[in-house]
Amino acid sequence: MSSLLYRLSGWCHRHRWRVIGTWALLIVALVALAFSVKQPVSTTVTIPGTEAQQALDLLNQQFPQAGGAQAQIVFSVSAPATLTTPTAQQAVEATLAGIRKDPQVELVTDPYTSGTVSHSGRIAYAIVAYPVPVANVTTAARNALLNSGGPAEAAGISVNFGGQVVQASTVADTDVIGIIVAFFVLLIGFASFLAALVALLAAIAGVAVTDLAILALTAVVSETTTTAVLAVMV
C-alpha cells in the first residue's frame with residue numbers, strides 16, 4: 001500500500017497543475033449539480049427511549065403546532081439547594097416569561113407543570129419552540145434566547161442552552177477555530193508552512209466534495225440535518 005501511495009503522490013506532483021485543475025472542476029461541477037437538484041432535509045431526529053425524546057414526543061402531542069426549530073434551557077443548582085424553593089421557582093419562571101415575550105417564540109414549556117424537574121430537584125429543563133425552521137430563526141431571536149438567563153443567574157442558578165437554534169449559532173465559529181487549530185498542528189508536525197497549507201487545503205477540498213455530493217443525493221435519498229455533520233466527522 002505504501003508503494004502504491006508513493007507512486008500516486010509522485011504522479012500527482014509531476015502533474016500537479018492538472019490535478020489541481022481537476023479538483024477545481026470537480027468542485028465547481030458538484031456545486032452546480034448540488035444546488036440545482038437539492039431537496040429540503042428533514043429536521044426530525046428520534047432517539048427512542050431517552051428522556052429528551054419523551055419530552056419532545058409529549059410536546060408534539062400537546063402542542064402539534066410547534067413543528068419548527070427548538071431549543072432547550074437547562075437550569076441547575078448545586079446541593080443542598082434545589083429548584084423547587086419559592087425563590088428558585090420564581091427566578092426560573094421569570095426567565096421563561098422573558099423568553100415568551102420574543103415575537104418569534106411559539107411556546108415555552110414550564111418544567112414545574114410539564115414534569116421536567118429531576119427527582120433531586122436540582123436540575124430542570126424547558127423547551128423553547130419556534131414555528132419556523134432553524135434557518136429562519138432570526139439573529140435577534142437567537143440572541144434574545146442566549147441572553148435570557150439573567151433572572152435565574154441572579155438567584156444563583158446555572159443556565160445552559162442547547163438544541164438546534166443554539167447549535168446553528170455556534171457551528172460557524174467552531175469550524176473556523178477547528179481549521180486554525182488543525183493548521184497549527186500540521187505546521188508543528190511538518191515544520192513547513194507550505195506542507196501544512198497543502199495538507200489543510202487537500203482536507204478542505206475532500207470535505208467540500210463530500211458535503212456537495214451528500215447535498216446532491218438529497219434529490220433521491222431522504223436525509224436529516226445531521227447527515228452532513230456525521231459524514232464530515234467520519
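It should be emphasised that the depicted structure is a prediction, and the values quoted were computed from it without experimental measurement. (Residues numbered from 1 in each chain as written. Predicted model: local features only at pLDDT ≥ 70, side-chain atom pairs only at ≥ 80, totals over all residues. Heavy atoms only, no water.)

Enquirer: Before we go on, may I ask you to explain the overall build of the protein chain in this structure?
Expert: From N to C terminus, the protein chain includes 10 helices and four strands. The linear arrangement of helices and strands in the protein chain, starting from the amino end, is α-α-α-β-α-β-α-β-α-α-β-α-α-α. Taking as baseline every contact in the protein chain between residues at least 6 positions apart, the subset at least 24 positions apart corresponds to 64%. (Helix = DSSP H or I, 4+ residues; strand = E, 2+ residues; numbered from the N terminus. Contact = heavy atoms within 4.5 Å.)

Enquirer: Sorry if this is basic, but what is going on with the packing of aromatic side chains here?
Expert: Each aromatic ring pair is described using two quantities: the centre-to-centre distance and the angle formed by the ring planes. Taken as a whole, this structure holds two aromatic pairs when the rule is applied. Their ring planes at 70 degrees and their centres at 5.8 Å tell us that Phe183 and Phe184 sit as a pair that is edge-to-face. A centroid spacing of 5.5 Å and a plane angle of 80 degrees characterise the contact between Phe183 and Phe193, whose relative ring orientation is edge-to-face. With Phe183 in helix 8 (residues 164–190) and Phe193 in helix 9 (residues 193–217), the pair connects residues that are 10 residues apart, well separated along the chain. Classification of Phe183 by relative accessible area gives buried; the value is 14%. Here Phe193 falls in the exposed class, since its relative accessible area comes to 52%. Among the aromatic residues, those joined into a cluster by ring pairs are Phe183, Phe184 and Phe193. (Phe/Tyr/Trp six-rings, centres within 6.5 Å; stacked < 30°, edge-to-face > 60°. Buried < 20%, exposed > 50% of the residue type's maximum accessible area, 1.4 Å probe, protein only.)

Enquirer: Would you mind going over the nonpolar core with me for this structure?
Expert: Buried together is how nonpolar side chains tend to be arranged in soluble globular proteins. Counting residues in each nonpolar core, the largest one holds 25 residues, and the members touching the most others are Phe75, Val128, Tyr130, Leu145 and Ile157. For this core, the elements supplying multiple residues, two or more each, are strand 1 (70–76), helix 4 (86–100), strand 3 (123–129), helix 6 (139–146) and helix 8. Here this core gets five residues from one element, more than from any other, and that element is helix 4. Listed in part, the five residues of the second largest apolar core include Ala34, Val209, Leu212 and Ala216. (Core = buried A, V, L, I, M, F, W, Y, C linked by side-chain atoms within 4.5 Å.)

Enquirer: What is the right way to read the sheet that holds strand 3 from this model?
Expert: The strand order across the open sheet built from four strands is 2-3-1-4, with neighbouring strands paired in antiparallel fashion. Every other strand in the sheet has two partners, leaving strand 2 (107–108) and strand 4 (158–163) as the edge strands with one partner each. Here two bridges tie strand 2 to strand 3, and the two strands are oriented antiparallel to one another. Within the sheet, the bridge partner assigned to Leu107 lies in strand 3 and is Ala129. Running over the sheet, helix 4 touches strand 1, strand 2 and strand 3 and is turned about 160 degrees from strand 1. (Pairing = 2+ DSSP bridges. Axes fitted to C-alpha atoms, helices over the stretch in contact; angles between N-to-C directions.)

Enquirer: Please explain the side chain of Arg142 as it appears in this structure.
Expert: In this structure, Arg142 sits in helix 6. Engagement of the side chain of Arg142 in a polar contact is seen with the backbone oxygen of Val137, the distance being 3.4 Å. (Polar contact = N/O pair within 3.5 Å; in protein donor to acceptor, adjacent residues only side chain to side chain.)

Enquirer: How do you make sense of the confidence of the model for the protein chain when you look at a structure like this?
Expert: Low pLDDT means the predicted coordinates in that region are not meant to be read closely. Mean pLDDT for the protein chain: 85, with 90% of residues reaching 70 or above. Confidence, expressed as mean pLDDT per element, reaches its minimum in the protein chain at helix 3 (residues 51–62) with 69 and its maximum at helix 4 with 94. (pLDDT = per-residue confidence, 0-100.)

Enquirer: Looking at this model, I keep getting lost on the layout of surface pockets. Mind explaining?
Expert: In this approach, a probe sized like a water molecule rolls over the atoms, and the result shows the empty space that is left. Of the voids in this model, the second largest pocket is the one considered here, and its volume is about 530 Å³. If you trace the second largest pocket, you find 15 residues lining it, with Val19, Ile20, Trp23, Val198 and Ala202 closest to the centre. The set of elements that each furnish at least two residues to the lining of the second largest pocket consists of helix 1 (2–14), helix 2 (16–37) and helix 9. Ranked by residue count, the leading element in the lining of the second largest pocket is helix 2, at seven residues. Tallied by class, the residues present in the lining of the second largest pocket amount to 13 nonpolar, one polar and one charged. (1 Å grid on protein atoms, 1.4 Å probe; cavity = no way out; pocket = protein on both sides within 12 Å on 5 of 7 lines; lining within 4 Å. Points joined across faces, edges and corners; volume = space filled by probe spheres on them. Nonpolar A, V, L, I, M, F, W, Y, C, P; charged D, E, K, R; others polar.)

Enquirer: Explain the pairing of strand 1 to me, please; I cannot follow it from the model alone.
Expert: Here is the key point about a regular strand: its side chains alternate between the two faces of the sheet. Taken together, the seven bridges between strand 1 and strand 3 define a ladder with antiparallel strand orientation. Paired with Phe75 across the strands is Ala124, a residue of strand 3. Sheet topology places strand 1 next to strand 4; six bridges connect them, and they run antiparallel. In the sheet register, Ser76 faces strand 4, and the bridge partner there is Ser158.

Enquirer: How should the packing of helix 1 against helix 2 be read in this particular structure?
Expert: Pairs of packed helices are described in terms of their axes, by the angle between the two and the distance that separates them. At a closest axis distance of 4 Å, the pairing of helix 1 and helix 2 adopts a crossing angle of 90 degrees. As judged from the angle between their axes, helix 1 and helix 2 are roughly perpendicular. Contacts from Trp11, Cys12, His13 and Arg14 of helix 1 reach helix 2 at Arg16, Arg18 and Val19. Broken down by class, the residue content of the contact of helix 1 with helix 2 amounts to three nonpolar, one polar and three charged. (Parallel < 35°, antiparallel > 145°, perpendicular 65-115°, else oblique.)

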